[in-house]
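Fold and geometry: a report
Residues per chain are reported as follows:
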Amino acid sequence: MALHCGKTCRQYLLHLAHDSVDFRLPELKALLALRGRQCDPSEAFREKSPFWRLCGLLEEDVRSVMSRTVCGKSAFELWGHGRTAAELKSSLLEYPIEKMTPFLQEESTYKINVYTFNKTLLFKDRIEKIDALGFLPFKGKVSLKDPDHIFCLLEDYGLDPNDIPEEPFHIYFGRWVADGQRELIRSHSVKKRHFIGNTSMDAGLSFIMANHAKVKAHDLVYDPFVGTGSLLVACSHFGAYVCGTDIDYNTIHGVGKASRKNQKWRGPDENIRANLRQYGTESFYVDVMVSDASKPVWRKGALFDAIITDPPYGIRESTRRTGSHKEIVSPPEDFSGESHVPVSMAYHLSDIFADLLNFAAHHLVMGGRLVYWLPIYRPEYCEEMVPLHPCLSVISNCEQTLSSHTSRRLITMEKIKEPEKSDVLAHLADSRFSPYQGHNSFREKYFSGITKKNGKGTQESCVYLWLR
Amino acid sequence: MIQNSGRSGCLNTEGEVHATEVKVNEVEFNPQFVSRMIPKLEWSALIQAAEGVGHRQDLPDTLVSNYENDEDFLHKVHRVLLEVEVIEGSLQCPESGREFPISKGVPNMLLNEDES
């Protein structure tokens, strides 16, 4: 399948939301891969544009993508396009009439929408543009309410809101096929979720992550830093069975201090299972455990179809693991469990990712994906900092800016071979496999940026361990 | 869920499960998921765990062949995998004998500082 190929094949127009722009193409590629389709952007392809032309696909492929995508707003069967109204017209006149007539029947109803990107048109201008399409052989009746067929004229006025042209750069006309799943962003909003934490993943991003991971029905998905289960909510929505572990007893049991503004303590319906229940996916709940991700308890072998996670960055939740260390830190005063909570020591960021990749290499099925966030100090970022593993191949690396000097990158990796003994030592032999070393300083750099503004000194010690 | 016993236990394959409180939920049966899970399980560990919590019923000692088409069998596995839940109890590591508590349905697999 090509993006923006020549005229001869049937084309679909994908209208994308102008949101999470970097994440869109990897999402589309992953969803097409679920259909067994390759995706090759041609030279004419402009990734930042909200309009992508896809060819070499069947309508079922498009419907399937739209049933999953959170980046895609709508998909249209493209009947014509051009850089001017005249070009659009000749393009439409070239479109085979026999492909149009089934949707223009006398007994059917239709309506035509006009959508303009980066410009607002007056109502009369929109009507004019619809009237200009009068040369098309519409035989049916116009019905604005629940028509049989919907058509859309889409105009692209560029990407610069400060320089809006008089005429559009490009115009498209097509028959509406399907909408994407952007409604999930609202329906699954964290604001309305029963159980949240300080770092619960935003709904839109959690669905994007599930898509990047190629999660599908009947998969088994695991989150080793599950927190309140936001990522599991998204995966279960697509029919995957989900499990998670977290070192934090309170979060797993859904007890302790609440994260909501006016709430002191968590209520009885606040736990991961309740979150799944809220969205009707409780039957996909497999298990959660209190467990230290640096000391996994799973038996050997490929268990998971996908591992999707947001490891702690050490900023709003502590990074920690069990084990002795010189600093003995006592559990926070809000701890209310009966089980022993072992002493925590700092879990260096570089180790988190090395352990995560190693775990994924051993416990993913072949072709299974690992999707995780990597916090980045922007002034020093280079591609070599992305951790590598001989058994995993990097599929995508998408940046979400958090501040002027920090961002996080969503890394997607795919298992390409089974681990051998030699692979375990690879990261020691080759510095490429542990480029994130010294990345624990991400936390120091994050705070030095802030404290420079405040002019206060920082104390680097176990204070960070309980920072929220 | 009784899942972990087939899969966890100090990186070893078989841990014993003890339960003082067990709950059986009704969970929608999905034969495709169960079929895909079976090869990932250590069958003997599953049987041992099911026995340990008193819910083995008539699961066979060894895995039957052609289980993908045996809906009855898949139903039994589904029950033990997804419906039988240990609410209070423990998982025991066969090597060290160390017991990991299960409380409110959640196992606590954390080792103490002197154990790692």
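Residues numbered from 1 in each chain as written. Chains lettered and ligands numbered in written order. Predicted model: local features only at pLDDT ≥ 70, side-chain atom pairs only at ≥ 80, totals over all residues. Heavy atoms only, no water.

The name given to chain A in an unreviewed UniProt entry is tRNA (guanine(10)-N(2))-methyltransferase TRMT11, with Pygocentrus nattereri as the source organism. Per UniProt, the comment on chain A under Subcellular location (unreviewed entry) is "Cytoplasm". The record in UniProt for chain A states the following under Catalytic activity (unreviewed entry): "guanosine(10) in tRNA + S-adenosyl-L-methionine = N(2)-methylguanosine(10) in tRNA + S-adenosyl-L-homocysteine + H(+)". (UniProt positions renumbered as here; feature names shortened; annotations may be inferred.)

**Details of the sheet that holds strand 16 (residues 364-377) of chain A**
All names here are of chain A. On the basis of which strands lie adjacent, the open sheet formed by seven strands has the order 12-11-10-13-16-18-17 and mixed pairing. What marks the edges here is a single partner per strand, and that holds for strand 12 (285-290) and strand 17 (392-401). Ignoring which end each strand starts from, the neighbouring axes of this sheet average 15 degrees apart. When strand 10 (residues 220-223) meets strand 11 (residues 241-246), the two strands line up parallel, connected through four bridges. The residue bridging D223 from the neighbouring strand is G244, located in strand 11. Along the sheet, helix 1 (residues 21-34) makes contact with strand 16, strand 17 and strand 18 (406-415), crossing strand 17 at roughly 145 degrees. Packing against the sheet, helix 8 (residues 230-237) makes contact with strand 10, strand 11 and strand 13 (304-309), and its axis sits at approximately 170 degrees to strand 11. (Pairing = 2+ DSSP bridges. Helix = DSSP H or I, 4+ residues; strand = E, 2+ residues; numbered from the N terminus. Axes fitted to C-alpha atoms, helices over the stretch in contact; angles between N-to-C directions. Contact = heavy atoms within 4.5 Å.)

**Some words on the UniProt feature "domain: tRNA (guanine(10)-N(2))-methyltransferase TRMT11 N-terminal" (unreviewed entry) in chain A**
In the UniProt entry, the feature "domain: tRNA (guanine(10)-N(2))-methyltransferase TRMT11 N-terminal" (unreviewed entry) is given for residues 11-182 of chain A. Strand forms 31% of residues 11-182 of chain A and helix 26%; the C-alpha atoms that close the span are 23 Å apart.

**Topic: the pairing of strand 6 (residues 109-117) of chain A**
Residue and element names in this part refer to chain A. Of all nine residues in strand 6, seven are buried, a share of seventy percent or more. Note that strand 6 and strand 8 (residues 149-156) share eight bridges and pair parallel. From the neighbouring strand, V114 faces strand 8, where its bridge partner is L153. (Buried < 20%, exposed > 50% of the residue type's maximum accessible area, 1.4 Å probe, protein only.)

**Section: helix 3 (residues 85-94) of chain A**
Residues and elements named next belong to chain A. Of the positions making up helix 3, those classed as buried are L88, S91 and L92. Viewed end-on, helix 3 has its buried residues packed into an arc of 100 degrees, placing them on one side of the element. Facing away from the buried side of helix 3 by over 90 degrees, the exposed positions are A86, L93 and E94. Where helix 3 is buried, its residues meet strand 5 (72-82), helix 4 (97-100), strand 8 and strand 9 (170-179). (Arc of directions from axis to C-beta.)

**Topic: unusual backbone geometry**
Most peptide bonds are trans, and most residues other than glycine sit at a negative phi. All names here are of chain A. With phi around 75 degrees, N118 is a residue other than glycine that occupies positive phi space. In this structure, H218 is a non-glycine residue whose phi angle is positive, near 75 degrees. With respect to the helices, strands and loops of the structure, H218 is situated in the loop between helix 7 (203-212) and strand 10.

**Brief notes about the pattern of salt bridges**
Applying the stated criterion across every chain yields a total of 28 salt bridges over all chains. Between A:D125 and A:K124 there is a salt bridge whose closest N-O contact spans 3.3 Å. Of the charged contacts in the structure, one is a salt bridge between A:R273 and B:E85, with a shortest N-O distance of 3.1 Å. Within this pair, whereas A:R273 is found in helix 10 (residues 272-278), its partner B:E85 is found in strand 2 (residues 84-92), the two belonging to separate chains. Looking at A:R273, the relative accessible area reads 16%, which means it is buried. According to the relative accessible area criterion, B:E85 is buried, its value standing at 3%. A network of salt bridges, in which partner residues are shared, links A:R10, A:E59, A:R63, A:E77 and A:R175. (Salt bridge = Lys/Arg side-chain N within 4 Å of Asp/Glu carboxyl O.)

**Looking at helix 1 of chain A**
All names here are of chain A. When you tally the buried positions in helix 1, you get 10 out of 14 residues, the bulk of the element. When we look at burial in helix 1, the residues that qualify are V21, F23, R24, L25, P26, E27, L28, A30, L31 and L32. G36 sits one or two residues past helix 1 and shows a positive phi near 75 degrees.

**Section: the packing of helix 1 of chain A against helix 7 of chain A**
Residue and element names in this part refer to chain A. Taken N-terminus to C-terminus, the directions of helix 1 and helix 7 make an angle of 45 degrees; their axes are 8 Å apart at the nearest point. The angle between helix 1 and helix 7 places the two elements in the oblique class. As for how helix 1 packs across helix 7, the hand of that crossing is left-handed. Contacts from F23, P26, E27, A30 and L31 of helix 1 reach helix 7 at I208, N211 and H212. Within the contact of helix 1 with helix 7, the residues separate by chemical class into five nonpolar, two polar and one charged. (Parallel < 35°, antiparallel > 145°, perpendicular 65-115°, else oblique. Left-handed = near helix turned anticlockwise from the far one by under 90°. Nonpolar A, V, L, I, M, F, W, Y, C, P; charged D, E, K, R; others polar.)

**Considerations on the sheet that holds strand 2 of chain B**
All names here are of chain B. The four strands lie next to each other as 1-2-3-4, forming an open sheet whose pairing is antiparallel. Unpaired on one side and paired on the other, strand 1 (16-24) and strand 4 (106-107) mark the two borders of the sheet. Pairing analysis gives two bridges linking strand 3 (residues 99-103) to strand 4, with the strands arranged antiparallel. Looking across to strand 4, one finds that I102 is bridged to P107. Sheet strands touched by helix 4 (residues 71-83): strand 1 and strand 2. Its angle to strand 2, the strand with the most contacts, is close to 70 degrees.

**Quick word on the packing of aromatic side chains**
Tallied over the entire structure, the rule returns 23 aromatic pairs over all chains. Centre to centre, the rings of A:F207 and A:F238 are 5.7 Å apart; their planes meet at 70 degrees, and the pair counts as edge-to-face. With a gap of 31 residues between them, A:F207 in helix 7 and A:F238 in the loop between helix 8 and strand 11 connect regions that are remote in the sequence. Comparing A:F207 with A:F238, the two get one shared label, buried. Measuring from centroid to centroid gives 4.9 Å for A:Y241 and A:F284, while their planes differ by 65 degrees, and the two rings are edge-to-face. Placement of A:Y241 in strand 11 and of A:F284 in the loop between helix 10 and strand 12 is noted, with a sequence separation of 43 residues between them. The pair A:Y241 / A:F284 is uniform in exposure class, with both members buried. Three or more aromatic residues link up through ring pairs in this structure, and these residues are A:W79, A:Y95, A:F103, A:Y110, A:F138, A:F151 and A:F173. Positioned above the aromatic ring of A:F238 is the side chain of A:R68, whose terminal nitrogen or guanidinium carbon lies 3.8 Å from the ring centre. Seen from the ring of B:F100, B:R98 lies directly overhead, with NZ or CZ sitting 4.8 Å from the centre. (Phe/Tyr/Trp six-rings, centres within 6.5 Å; stacked < 30°, edge-to-face > 60°. Lys NZ or Arg CZ within 6 Å of the ring centre and 35° of its normal.)

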